[in-house]
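In case you want the letters, here they are:
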Amino acid sequence: MALITCRDLCLAYEGKTAVKGLSFDVLSGDYLCIVGENGSGKSTLIRALLGLKKPRSGSIVYGDGLKQREIGYLPQQTPAQKDFPASVLEVVRSGCRANPFYAPSEKRRAEENMEKLGLTELRNACYRELSGGQQQRVLLARALCATRKLLLLDEPVTGLDPTVSAELYRILRELNGEGVSIVMVTHDVDCAIERAKKILHLRTVPLFFGRAEDYRLSEIGRSFMEGRPAEGGEKA
């Protein structure tokens, strides 16, 4: 069943068209990677899926009981966010709601997600004193407090070394295997093809939407992986 259905979507950024003519679905259990050159509308699309950007035209429909507030989000970090003076527990719990008073069920969920991501022993540590990889695991635990269905991630391995990146990818694969749908913006197209079930390639207009194995064999996929400009568009 579709968690999100986008039809003929048109989005703008700073008054200019960022995405147009976009139609795709995110199904329960999907692992979708969104790829494309800089400025192709990837992050703008993520903001629209979160309800932070209103479409110029077209529609975004949530299904299977999914609500916007039940989407977990792991954004790109700013330097100020990396220096946030709060404990790991406080950051993780903040994913439950915009309210300092947490229900017992929310506190349990935060504890479960910290344990899942190996953060229990760091619960009282200061977030800004953690390594980049530890901070990403904290933010992922925070995002999981908001959802049991869908995670949106915007360039989650930017600035991380290969070992830490591989560990984060492993965690995402496990979460997907447990039934959490993943939608991830990434520049790492090789890892996207290796790990994702589906690929959405944007360049203002959608150039490809379909299975990762089909993208690997497509002219668009081959061109992008080789650093050549892609022409036209394909859909599987």
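Refer to the structure above for everything that follows.
Computed from a predicted model, the values in this text were never measured in an experiment.

## Things to note about the packing of helix 5 (residues 132-144) against helix 6 (residues 162-177)
Packed helix pairs are specified by the crossing angle of their axes together with the interaxial distance, meaning the distance between the axes. Running from N to C, helix 5 and helix 6 point in directions that differ by 20°, and their axes come no closer than 10 Å. It follows that helix 5 is roughly parallel to helix 6 by the angle criterion. In the crossing of helix 5 with helix 6, the sense of the turn from one axis to the other is right-handed. Every residue of helix 6 that contacts helix 5 at Gly133, Arg137, Leu140 and Leu144 is listed here: Val164, Leu168, Ile171, Leu172 and Leu175. Split into classes, the residues belonging to the contact of helix 5 with helix 6 amount to seven nonpolar, one polar and one charged.

## Some words on the side chain of Thr186
Relative to the helices and strands, Thr186 resides in the loop between strand 7 (181-185) and helix 7 (189-195). With near-sequence residues (within four places) excluded, Thr186 lies in contact with Cys33, Ile34, Val35, Glu155, Tyr169 and Ala192.

## A word on the packing of aromatic side chains
Under the counting rule described, the total for this entry stands at two aromatic pairs. For the pair Phe208 and Tyr215, a centre-to-centre distance of 5.2 Å together with 65° between the ring planes defines the contact as edge-to-face. Classification of Tyr215 by relative accessible area gives buried; the value is 0%.

Conventions adopted
Residues numbered from 1 in each chain as written. Predicted model: local features only at pLDDT ≥ 70, side-chain atom pairs only at ≥ 80, totals over all residues. Heavy atoms only, no water. Axes fitted to C-alpha atoms, helices over the stretch in contact; angles between N-to-C directions. Helix = DSSP H or I, 4+ residues; strand = E, 2+ residues; numbered from the N terminus. Parallel < 35°, antiparallel > 145°, perpendicular 65-115°, else oblique. Left-handed = near helix turned anticlockwise from the far one by under 90°. Contact = heavy atoms within 4.5 Å. Nonpolar A, V, L, I, M, F, W, Y, C, P; charged D, E, K, R; others polar. Phe/Tyr/Trp six-rings, centres within 6.5 Å; stacked < 30°, edge-to-face > 60°. Buried < 20%, exposed > 50% of the residue type's maximum accessible area, 1.4 Å probe, protein only.

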